[in-house]
Amino acid sequence: MSFDVSVISSKNILLAVTGGIAAYKSAILVRRLKDYGFNVRVVMTHGAQAFITPLTFQALSGNVVHTELLNPEAEAGMGHIELARWADLLLVAPASCDTLAKFAHGLADDLLSTLYLATKAPVWVAPAMNQQMWAAKATQRNLQMLVEDGVHVIMPAAGSQACGDVGLGRMPEPEFLAEQVKLYFHQTQRAIAEKFGLLAGKRVVITAGPTREAIDPVRYISNHSTGKMGFALASACYAAGAKVTLIAGPVSLDTPNGVERVNVHSALEMLDQSLQQLEYGCDIFIATAAVADYRVAQVAEHKIKKSGDELDVSLIKNPDIVATIAQQQKRPFMVGFAAETRNVEEYAAGKLVAKKLDMIACNDVSRSDIGFASDENAMTVFFAQKHALPKRDLAKASKQEIAQQLVEAIADALVH
Ligand code: C5P
């Protein structure tokens, strides 16, 4: 099963705005939801239209606003049943006492109350009202009924109110509401991935980026690796349901959502952390890091002063991290990378055997359009003989797409 990484962009939020001064905040809420990439459609009750116009929401959401139930023109466009089915979440913000009462008692005398009965989507309400109306027994009774019916209530905040009162009843800020919606879909996606994703239940450790080998306290030897491929893989493995730890050399990339990150500098530190992660349990080890082959034999304690025309720095070989992990008793499924400038496939196949890998992904870094700093990559994947899988060519694509295809290749090899 392939997995949709862009969970947000495919989700539909039906935002219902009801009568209350907090309706002005809902305009900003549409913006924040759109910023996250949600599709937003707005339903307004008649009460809401006394505070803010449908045109405002039409402009912000990019969609016609729905206001009437028994309107042949609106029904011909997107009828109320279709709208109810379209929604992945019905978010009522602000939710007036009247709307809560209608929902609690199953009335269906306007578009919103009908949609509430007609949708299978989860329903969230963000009540906003005068503090006395919030405290009223009937309101609290209705809320209790809604909670029992499975409606999620976003509690109002306390503070000064438009009417001059102070107390509970303010609608939470749009930023908070949009964030809650985003978190909800991420958690839902995660729960599905953990159960059904290609790497469900697997623990993955990934090395990424360059290493930095100190010459003295201010200088080092390093390379041009940006870490993009490793970070894209971390993201794809997480989306496929895995628990992911990323051991990252010095790179300027944000940690992917849901991924645990350990920062290191040198090859020795990277090896140390890799061995430690193995102790915590690791099913799949992916080595994307461009580890420096050599380090300085004797790192100077103080900054080396400029002197003669030549400076000799003696280098010694760094341990091979991926090969070391492959030799451990608790050996995970091992994935290596090979960046070559010539005889790409021949060298890669050699490394697959020499480093005792299960799979190697190789690319031709002599091509200027792919590889290191590029956002795109093209690769050939080889599997160890025991997996009996033919080589796989991954055509030039974004590193995210390549990462997804590599996850699929790993999942295939795990069952072969
Ligand atoms: O030998 P070469 O550097 O070309 O091998 C590349 C593969 O080996 C990559 O997967 C890289 O992350 C890994 N490697 C390593 N430790 C090293 C050198 C390479 O894990 N010291």
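Predicted, not measured: the structure shown is a model, and the values here were computed from it. (Residues numbered from 1 in each chain as written. Predicted model: local features only at pLDDT ≥ 70, side-chain atom pairs only at ≥ 80, totals over all residues. Heavy atoms only, no water.)

1. Some words on unusual backbone geometry
Next, step 1: The omega torsion of the bond from Ala 93 to Pro 94 falls at 0 degrees, within 30 degrees of zero and hence cis.
Next, step 2: Note on placement: Pro 94 falls in strand β3 (residues 89-95).
Next, step 3: Even without being a glycine, Lys 356 presents a positive backbone phi close to 55 degrees.
Next, step 4: You can see Lys 356 is positioned in the loop between α14 (344-354) and β17 (359-364).
Next, step 5: Within the chain, Ala 388 stands out as a residue other than glycine whose phi angle is a positive 45 degrees.
Next, step 6: With respect to the helices and strands, the residue Ala 388 is situated in the loop between β18 (376-383) and β19 (392-398).
Next, step 7: Residue Ala 388 is classed as exposed on the basis of its relative accessible area of 62%. (Helix = DSSP H or I, 4+ residues; strand = E, 2+ residues; numbered from the N terminus. Buried < 20%, exposed > 50% of the residue type's maximum accessible area, 1.4 Å probe, protein only.)

2. Considering the nonpolar core
Next, step 1: In this structure, Leu 199 and Leu 406 are the most contacted members of the largest nonpolar core, which totals 39 residues.
Next, step 2: Apart from residues lying up to four places away in sequence, Leu 199 is in contact with Val 204, Cys 237, Ala 240, Gly 241, Ala 242, Ile 284, Val 407, Ile 410, Ala 411 and Leu 414. (Core = buried A, V, L, I, M, F, W, Y, C linked by side-chain atoms within 4.5 Å. Contact = heavy atoms within 4.5 Å.)

3. Re the sheet that holds strand β5 (residues 152-153)
Next, step 1: Read across the sheet, five strands follow the order β2-β1-β3-β4-β5 without closing on themselves; strand pairing throughout is parallel. Here the strands that pair on one side only, and so sit at the sheet edges, are β2 (39-44) and β5. (Pairing = 2+ DSSP bridges.)

4. Brief notes about the pattern of salt bridges
Next, step 1: The full count for this structure, using the stated rule, is 18 salt bridges.
Next, step 2: Across the pair Lys 330 and Glu 279 runs a salt bridge whose closest N-O atoms are separated by 3.9 Å. Taken as a pair, Lys 330 in the loop between α13 (321-326) and β16 (333-340) and Glu 279 in helix α12 (residues 267-280) lie far apart in primary sequence, 51 residues in all. Each member of the pair, Lys 330 together with Glu 279, is exposed.
Next, step 3: Of the charged contacts, one joins Glu 340 and Lys 351 as a salt bridge, the two residues approaching to 2.4 Å between their closest N and O atoms. Here Lys 351 lies in helix α14 and Glu 340 lies in strand β16, a separation of eleven residues in the sequence. (Salt bridge = Lys/Arg side-chain N within 4 Å of Asp/Glu carboxyl O.)

5. Re the environment of Pro 256
Next, step 1: By the secondary structure assignment, Pro 256 is in the loop between β11 (243-248) and β12 (260-263).
Next, step 2: When its relative accessible area of 12% is taken as the criterion, Pro 256 is described as buried.

6. Things to note about the site of the ligand
Next, step 1: Around the ligand sit Ala 287, Thr 288, Ala 289, Val 291, Pro 319, Asp 320, Ile 321, Val 322, Gly 336, Phe 337, Lys 351 and Lys 355, and that is every residue in its neighbourhood.
Next, step 2: Taking Ala 289, its main chain carries an N or O atom lying 2.7 Å from an oxygen atom of the ligand.
Next, step 3: A distance of 2.8 Å separates an oxygen atom of the ligand from a polar backbone atom of Val 322.
Next, step 4: Here the ligand has 440 Å² of accessible area as a free molecule, and 85% of this is covered by the chains.
Next, step 5: For the shell around the ligand, the secondary structure elements donating two or more residues are α13 and β16. (Near = heavy atom within 4 Å. Polar contact = N/O pair within 3.5 Å; in protein donor to acceptor, adjacent residues only side chain to side chain. Areas by Shrake-Rupley, 256 points an atom, 1.4 Å probe, with all protein chains shown as cover.)

7. A look at the domain arrangement of the protein chain
Next, step 1: Split by domain assignment, the protein chain resolves into domain 1 (5-185) and domain 2 (197-414).
Next, step 2: The C-alpha-based centres of domain 1 and domain 2 are spaced at 47 Å. (Domains from an automatic or database assignment.)

8. A few points about the side chain of Thr 139
Next, step 1: Positionally, Thr 139 belongs in helix α9 (residues 137-148).
Next, step 2: With sequence-adjacent residues up to four places away left out, Thr 139 is seen in contact with Cys 97, Leu 100, Met 129, Met 133 and Trp 134.

9. Quick word on the environment of Gly 197
Next, step 1: Relative to the elements of secondary structure, Gly 197 occurs in the loop between α10 (174-196) and β8 (203-208).
Next, step 2: The exposure class assigned to Gly 197 is buried, which follows from its relative accessible area of 10%.
Next, step 3: In this structure, the C-alpha to C-alpha distance between Gly 197 and Thr 56, residues 141 residues apart in sequence, is 40 Å.
Next, step 4: If near-sequence neighbours (up to four positions away) are discounted, Gly 197 is found in contact with Ile 192 and Ala 240.

10. Observations regarding the UniProt feature "binding site: CTP" (unreviewed entry) in the protein chain
Next, step 1: Mapped onto this numbering, the UniProt entry gives "binding site: CTP" (unreviewed entry) at Asp 293, Lys 303, Pro 319, Asp 320, Ile 321, Val 322, Phe 337, Lys 351 and Lys 355. A maximum C-alpha distance of 37.6 Å is found for the annotated residues, which run over 63 residues; spatially they are spread out rather than grouped.
Next, step 2: Tracing the backbone shows Asp 320 in the loop between β15 (315-317) and α13.
Next, step 3: Relative accessible area serves as the criterion here: at 30%, Asp 320 is assigned to the partly exposed category.
Next, step 4: Among the polar contacts listed, one links the side chain of Asp 320 to the backbone nitrogen of Ala 323, at a separation of 3.1 Å.
Next, step 5: Position of Lys 355 relative to the elements: it lies in the loop between α14 and β17. (UniProt positions renumbered as here; feature names shortened; annotations may be inferred.)

11. What about the packing of aromatic side chains?
Next, step 1: Considering all chains together, one arrives at four aromatic pairs under this definition.
Next, step 2: Between Trp 124 and Tyr 184 the ring centres are 5.3 Å apart and the planes differ by 70 degrees, which places this aromatic pair in the edge-to-face class. Here Tyr 184 lies in helix α10 and Trp 124 lies in strand β4 (residues 123-127), a separation of 60 residues in the sequence.
Next, step 3: In this structure Tyr 184 comes out as partly exposed when scored by relative accessible area, which is 25%.
Next, step 4: Between Tyr 184 and Phe 185, the aromatic rings sit 5.0 Å apart at their centres with planes inclined by 70 degrees, giving edge-to-face as the arrangement.
Next, step 5: Taken together, the ring pairs connect Phe 38, Trp 124, Tyr 184 and Phe 185 into an aromatic cluster.
Next, step 6: Taking NZ or CZ as reference, Arg 41 lies 5.5 Å from the ring centre of Trp 86, over its face. (Phe/Tyr/Trp six-rings, centres within 6.5 Å; stacked < 30°, edge-to-face > 60°. Lys NZ or Arg CZ within 6 Å of the ring centre and 35° of its normal.)

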